[in-house]
Amino acid sequence: MESTTSLSKGCFVFAPKSSKTKRKKRSEVKDEFDEYNSISQVAQFTEIISAIEKQLKEINTNASDEVLQELVQFVSKCPNSDFAIPTAVLLTGVNLPDHRVLFQALADRLHKETTKHVAVLLSSECTNVKNTIEQFTSQFLKQSTTSIDFQMDIDDSDSEEEDVFDDVKRSQCTMPNLVSWYEELTPQNDSPRKKTNNIPREKLVIIVPDFESFSTKVLQDVILILSGYLDRLPIVLVFGVATSVKALQSSLPHRITSRMDVRMFQSKQSVHFLNKTVNEVLLSWQNSRTYPFLLGPKMFKLLTDVFIFYDFSVHGFVQGVKYCLMEHFYNNPLARLCCSREDLAEVVDELKNEDLEQHFGNNKQFQAYVEKLPMQRMEKILSFTNKGKYFKELVLEMMNNLHIHKDNLLVAVWLLHTLVHDLPEAPLGKQVREVYIEAMSGPTLEHPKFQRCFELLNLMSKQDLVQKLTEILDILKESECLQVERNKLTELLKLLKSAGETLKSPTASPSKKPITMDTFNRSDRATFYMPLLKKNVREENEFEKARSNLLSYLKEVFKTYLISPTTLPLHEAVLIDNVSAKRHIIGAPRAALHTALNNPHHYLQCECCKISNNSEILSTMPDICIAYKLHLESGALINMYDWLQSFVTIVSPGEEDRDERKVDPAIQARFTRAVTELQFLGFIKGSKKKTDHVARLTWGGTC
């Protein structure tokens, strides 16, 4: 009998094929964005973002290499126990999104070096004990030869769940089946002699990146179940704790922790990852050809302030940089020139005459630069008879000068940081990003902080100054910039090393005459006080002269190269300093909430909620919007009865002869729900002064 033939009427359901085949078919379909991706600006943006992501992955791996190596050694060397589960607790800090990259690297390294049996559990998928056991057993049973990418949970949790259970049935995801599978995988001899040899077996590692988000009851039960299988399964737990050790102690009672052999590990702080990201990606002269853009001081300060004062998220910082780049390429027509130096000539050559007139015709700095050129060259440039050949040559020349200035600026920032980062009180800051912001904000030499730094440098000893100058020469040696300055600083270093340190007496002064008795006999007292008021001046020794010459030369170097690119034409092509992106990076939740409640048509786009002015209230609006707009008309205290009557008047305006003491229960229930929602959102709270009043908590229309 065929599968669709039956003696009785009915319907037949055929299960869909595996999601893998669906994805394969989708990948074969032509991408509808192919034409969009072929745009030059999109291609340049994609190339820069790919290079940034690739280097960030290397930075995170190298920065966490030490703690990851310790964790791998712990997993590989921890002895098998029949009672206590070997448990590694990694203190990661408060920022969980960044730590998912860390745990991904840990899973990959364990998979390559120690054991291929690694399971990663996320709190969003482990709501109860059954789901938790199914999750890690399914990951073990399918024996994936690839690394476990648990970051997909952020984008598409459903697809990940399908991936986990593609090769294994849910009914098979039990602890007895896991024991049977492991015994078949690693057969053991049951003889007492073999058992005493304690042959090492491949570990089963369970990683929990977000320990605080897990249900404590689920964790306790799972740990108890796993401890009962330790004699048959060599299980190792890895917990990622974002706060402190107290979180582990408060979540798990003694009867649970007594079944765990806990060892603590400490990862580096988020600020360390931020400094590595900024120094090696955004402010590195070594990668200036790969990353042809510069963040302006306002934008750079905004992103670092969001990191320091809000979330400590390097991931958020990088996403902010990506958004600034995206907006730069989308809104700025000159962004086509923001490309690698090798491709710059080709990009400029592809510009059409219309593009040249549109992009550069209204640029005031560009026009001022062209007007200063000789008349013959200016005429050639402004004529487009030869397809803008001379115009393109000028654009290419200006862009090359801009890139050279950018490279020199970054090198000068690093030189200044080398000089001042360890000075007392650190007037210009201890990090390169702080020095960069100060240098890009205006004339550096005129800044009081800069003057203070050189006052402190003028008091520095010979040994410290020689060490700093040696580090400066090392930077110049690695870079291709400022080679003339490097030769001059090498000569000054030789003079500084050979300079003597013999000091003359501070009282010696050839220009000062000794005071005699004849001075007291003079009638003019001013002639008596003037010699006493003069400072005791002494001659500088050889070392002090060499130090003064060195610092004077360094001032000239910084005066020449620490200049913001805004002084150069076409700087808009590479400099990103659009502060308008602030509302997209930080967001304004209160303003968005006020807009939604005050004018729901803005988001719902329905004609029934459309208003002519902000003070208008319609009966067709949602109840919470009506209650919110009525509460805006009140003072610090809101009478609940008056509020209800106003609400009833708007909701049912036709009932003019109604008794105010009697309110429809349905309308009263709607009003109560709206007030409760406003209280939940933080607009009102109960008042202790009057029981029939509520207190208003917010003032002003927007944030």
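These numbers come from a predicted model, not from an experiment.

**Thoughts on the overall build of the protein chain**
Move 1: On a plain count of helices and strands, the protein chain comes out with 34 helices and 10 strands.
Move 2: For the protein chain, the residues scored as buried account for 44% of the 703 residues in total.
Move 3: For the protein chain, the exposed surface amounts to about 39,900 Å²; the carbon and sulfur share of it is 52%.

**Description of the packing of helix α14 (residues 270-282) against helix α16 (residues 314-331)**
Move 1: Two elements in contact, α14 and α16, have axes whose closest approach is 9 Å; the angle formed by their N-to-C orientations is 30°. With respect to each other, α14 and α16 are oriented roughly parallel. Residues S270, F273, L274, T277, V278 and L282 of α14 form the contact with α16, whose own contacting residues are V314, F317, V318 and V321.
Move 2: In terms of residue class, the contact of α14 with α16 is made up of 8 nonpolar, 2 polar and no charged.

**Description of the pairing of strand β4 (residues 235-241)**
Move 1: For β4, the buried fraction is high: 7 of the 7 residues fall into the buried class.
Move 2: Taking every second residue as pointing to the same face, both faces of β4 are buried, with I235, L237, F239 and V241 on one and V236, V238 and G240 on the other.
Move 3: By the bridge criterion, 5 bridges tie strand β1 (residues 85-91) to β4 in an arrangement that is parallel. What sits directly across from L90, in β4, is G240.

**Some remarks on the environment of V72**
Move 1: Following the sequence through the fold, V72 ends up in helix α4 (residues 65-77).
Move 2: Through-space distance from the C-alpha of V72 to that of T115 is 9.7 Å; in sequence the pair is 43 residues apart.

**Some remarks on helix α32 (residues 623-631)**
Move 1: Across the 9 residues of α32, 9 count as buried, placing the element largely inside the fold.
Move 2: Turning to α32, its buried residues are D623, I624, C625, I626, A627, Y628, K629, L630 and H631.
Move 3: The inward-facing, buried residues of α32 contact α30 (589-598), β8 (637-639), α33 (640-651), α34 (665-681), β9 (684-686) and β10 (693-696).

**Notes on the side chain of T92**
Move 1: With respect to the secondary-structure elements, T92 resides in the loop between β1 and α5 (96-113).
Move 2: Among the residues examined, T92 registers a relative accessible area of 5% and is labelled buried.
Move 3: Not counting residues up to four positions away in its chain, the partners in contact with T92 are H99, L102, F103, V241, A242 and S267.

**A few points about the pattern of salt bridges**
Pairs can form between side chains of opposite charge once their charged atoms are near each other.
Move 1: Overall, the coordinates contain 15 salt bridges when judged by the stated rule.
Move 2: Close ionic contact of R109 with D65 constitutes a salt bridge, the shortest N to O distance being 2.7 Å. Remark: D65 occurs in helix α4 and R109 occurs in helix α5; sequence separation between them is 44 residues.
Move 3: The class for R109 is buried, based on a relative accessible area of 13%.
Move 4: One salt bridge connects D407 with R341, and the closest N-O pair in it is separated by 2.5 Å. Remark: R341 occurs in helix α17 (residues 341-349) and D407 occurs in helix α21 (residues 389-420); sequence separation between them is 66 residues.

**Regarding the sheet that holds β1**
Move 1: Sheet architecture is open: 5 strands sit in the order β2-β3-β4-β1-β5, paired in parallel fashion. Both outer strands of the open sheet, β2 (118-120) and β5 (260-266), are each paired with one neighbouring strand and no more. When strand polarity is set aside, the average angle formed by the axes of neighbouring strands in this sheet is 20°.
Move 2: Where strand β3 (residues 204-208) meets β4, 5 bridges bridge the pair, whose relative direction is parallel. From the neighbouring strand, I207 faces β4, where its bridge partner is V238.
Move 3: Against the sheet, α4 contacts β1, β3, β4 and β5, and its axis sits at roughly 165° relative to β5.

**A short note on the nonpolar core**
Move 1: The biggest cluster of nonpolar side chains holds 82 residues, and the ones touching the most others in it are L282, L283, F293, L489 and F558.
Move 2: Examining the composition of this core, we find that 10 residues originate from one element, α21, more than from any other.
Move 3: The next biggest cluster of nonpolar side chains, apart from the first, holds 39 residues, and it includes L91, L178, L219 and L237.

**Details of the sheet that holds β8**
Move 1: Spatial ordering of the open sheet is given by β8-β10-β9, a layout of 3 strands whose pairing is antiparallel. Sheet topology places β8 and β9 at the edges, where each strand pairs with a single neighbour. Looking at each pair of strands side by side, their axes are set apart by 40° on average, direction ignored.
Move 2: Bridge count between β8 and β10: 3 bridges; the pairing is antiparallel. Each bridged residue has a counterpart across the sheet, and for N639 the counterpart in β10 is H693.

**Regarding the environment of E616**
Move 1: Looking at the secondary structure, you find E616 in the loop between α31 (601-604) and α32.
Move 2: A relative accessible area of 25% places E616 in the partly exposed class.
Move 3: Taking C-alpha positions, E616 is 9.4 Å from N599, a pair spaced 17 residues apart along the chain.
Move 4: If we ignore the near neighbours within four places in the chain, the residues touching E616 are I611, M621 and K629.

**Considerations on the packing of aromatic side chains**
Move 1: All chains considered together, the criterion is met by 16 aromatic pairs.
Move 2: Consider the rings of F450 and F558, whose centres lie 6.3 Å apart with planes at 90°: the pair is edge-to-face. Of the two residues, F450 sits in helix α23 (residues 448-457) while F558 sits in helix α28 (residues 542-561), which places them 108 residues apart along the sequence. The same class applies to F450 as to F558, namely buried.
Move 3: Aromatic side chains F454 and F558 sit 6.4 Å apart centroid to centroid with 75° between the ring planes, which places their arrangement in the edge-to-face category.

**A few points about the confidence of the model for the protein chain**
Move 1: For the protein chain, the mean per-residue pLDDT works out to 79, and 80% of the residues sit at or above 70.
Move 2: Note on residues 17-30: pLDDT is under 50 here. Beyond four places in sequence and across chains, it has 11 contacts.
Move 3: Segment residues 502-512 is flagged for pLDDT under 50; beyond a separation of four residues in sequence, or across chains, it makes 15 contacts in the model.

**Focus: unusual backbone geometry**
Move 1: For E425, which is not glycine, the phi dihedral falls at a positive 70°.
Move 2: For E425, the location among the structural elements is in the loop between α21 and α22 (432-441).
Move 3: On the basis of relative accessible area, E425 is assigned to the exposed category, the value being 77%.
Move 4: You will see that L570, though not glycine, has its phi angle at about 65°, which is positive.
Move 5: Tracing the chain through its elements places L570 in the loop between α28 and β7 (575-576).
Move 6: Judged by relative accessible area, which is 0%, L570 ranks as buried.

Rules of the game
Residues numbered from 1 in each chain as written. Predicted model: local features only at pLDDT ≥ 70, side-chain atom pairs only at ≥ 80, totals over all residues. Heavy atoms only, no water. Helix = DSSP H or I, 4+ residues; strand = E, 2+ residues; numbered from the N terminus. Buried < 20%, exposed > 50% of the residue type's maximum accessible area, 1.4 Å probe, protein only. Areas by Shrake-Rupley, 256 points an atom, 1.4 Å probe, with all protein chains shown as cover. Axes fitted to C-alpha atoms, helices over the stretch in contact; angles between N-to-C directions. Parallel < 35°, antiparallel > 145°, perpendicular 65-115°, else oblique. Contact = heavy atoms within 4.5 Å. Nonpolar A, V, L, I, M, F, W, Y, C, P; charged D, E, K, R; others polar. Pairing = 2+ DSSP bridges. Salt bridge = Lys/Arg side-chain N within 4 Å of Asp/Glu carboxyl O. Core = buried A, V, L, I, M, F, W, Y, C linked by side-chain atoms within 4.5 Å. Phe/Tyr/Trp six-rings, centres within 6.5 Å; stacked < 30°, edge-to-face > 60°. pLDDT = per-residue confidence, 0-100.

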